[in-house]
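So the chains spell out like this:
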Amino acid sequence: MQKLNTTLVYILSIIGIICCCAYGLGTISAIVAIIIATQELKKYNANPEEYSNGSAMKSARIFAIVSLFISFIGVAFIVWLIINPCEFFDWYIGMFENNPNIPAETMEQLYEAAENAGCR
């Protein structure tokens, strides 16, 4: 019995999750994983008696779909960040403003970055 290449699909899916906020690289990796998984499942469905790990490939494809979804969330966050930089700075500064463990120099850098972006 032959085995389907689930390892490649899992590796590409993991890369997709790791690179979810890397400007779309995770999305590309996840899409490639889904395409490979779909092709492998077509081979399995044509001759299920030839392959021993069809259910493993189905699981790998589901993992690739989850990876794609997580990557879409990362891309959506980056698009939101580009469209609304002031809201991001307000949110980010708000997280640290009342924290006594954050040095004043760090807060000044955040305020300066917000000013440079035209937000304060």
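Quick note: structure is the one above.
As for the overall build of the chain
Okay, step 1: Broken down by element type, the chain carries five helices and zero strands.
Okay, step 2: Secondary structure of the chain in N-to-C order comes out as α-α-α-α-α.
Okay, step 3: Radius of gyration (C-alpha) of the chain: 21 Å, far over the 14 Å computed for a compact globule of 120 residues.
Okay, step 4: Along the longest, intermediate and shortest principal axes, the C-alpha atoms of the chain span 65 × 30 × 15 Å.
Okay, step 5: Every one of the 120 residues in the chain was classed for burial, and the buried ones make up 32%.
Okay, step 6: A separation of at least 24 residues holds for 67% of the contacts in the chain among residues at least 6 apart in sequence.
Okay, step 7: By element, 63% of the accessible surface of the chain is carried by carbon and sulfur atoms, the whole surface being about 7,600 Å².
Okay, step 8: Distance between charge centroids for the chain: 25 Å, based on 6 positive and 10 negative side chains.

Details of the packing of aromatic side chains
Okay, step 1: Tallying each qualifying case throughout the model produces nine aromatic pairs.
Okay, step 2: Their ring planes at 45° and their centres at 5.6 Å tell us that phenylalanine 88 and tryptophan 91 sit as a pair that is tilted. Of this pair, phenylalanine 88 and tryptophan 91 both sit in helix 4 (residues 85-96), separated by three residues, roughly a single helical turn.

Notes on the environment of leucine 110
Okay, step 1: For leucine 110, the location among the structural elements is in helix 5 (residues 104-116).
Okay, step 2: Taking the relative accessible area as the measure of exposure, leucine 110 reaches 13% and is therefore buried.
Okay, step 3: Placed 21 residues apart in sequence, leucine 110 and phenylalanine 89 show a C-alpha to C-alpha distance of 8.0 Å.
Okay, step 4: Ignoring sequence-local partners within four residues, the contact set of leucine 110 consists of Tyr92, Ile93 and Phe96.

With respect to the state of the cysteines
Okay, step 1: This model, assessed by the stated rule, comprises one disulfide.
Okay, step 2: Residue pairing for cysteine 86: its cysteine sulfur links by disulfide to cysteine 119, the two sulfurs lying 2.2 Å apart. The disulfide joining cysteine 86 to cysteine 119 has a torsion of about -85° about its S-S bond and is therefore left-handed. You can see cysteine 86 sitting in helix 4 and its partner cysteine 119 sitting in the segment after helix 5, a full 33 residues away along the chain.
Okay, step 3: Left without a disulfide partner, cysteine 19 is nearest to the cysteine sulfur of cysteine 20, which lies 8.2 Å away.

Some details on the pattern of salt bridges
Okay, step 1: On inspection of all chains with the given rule, the structure shows one salt bridge.
Okay, step 2: Of the charged contacts, one joins glutamate 40 and lysine 43 as a salt bridge, the two residues approaching to 3.1 Å between their closest N and O atoms. Placement of the pair is glutamate 40 and lysine 43 together in helix 2 (residues 25-46), with a separation of three residues, close to one helical turn.
Okay, step 3: On the accessibility criterion, glutamate 40 (13% relative accessible area) is buried.

Reading the values: rules and limits
- Residues numbered from 1 in each chain as written.
- Predicted model: local features only at pLDDT ≥ 70, side-chain atom pairs only at ≥ 80, totals over all residues.
- Heavy atoms only, no water.
- Helix = DSSP H or I, 4+ residues; strand = E, 2+ residues; numbered from the N terminus.
- Rg over C-alpha atoms; globule rule 2.2 N^0.38 Å.
- Buried < 20%, exposed > 50% of the residue type's maximum accessible area, 1.4 Å probe, protein only.
- Contact = heavy atoms within 4.5 Å.
- Areas by Shrake-Rupley, 256 points an atom, 1.4 Å probe, with all protein chains shown as cover.
- Lys, Arg positive; Asp, Glu negative; His and termini not counted.
- Charge placed at Lys NZ, Arg CZ, Asp CG, Glu CD.
- Phe/Tyr/Trp six-rings, centres within 6.5 Å; stacked < 30°, edge-to-face > 60°.
- Disulfide = S-S within 2.5 Å.
- Salt bridge = Lys/Arg side-chain N within 4 Å of Asp/Glu carboxyl O.

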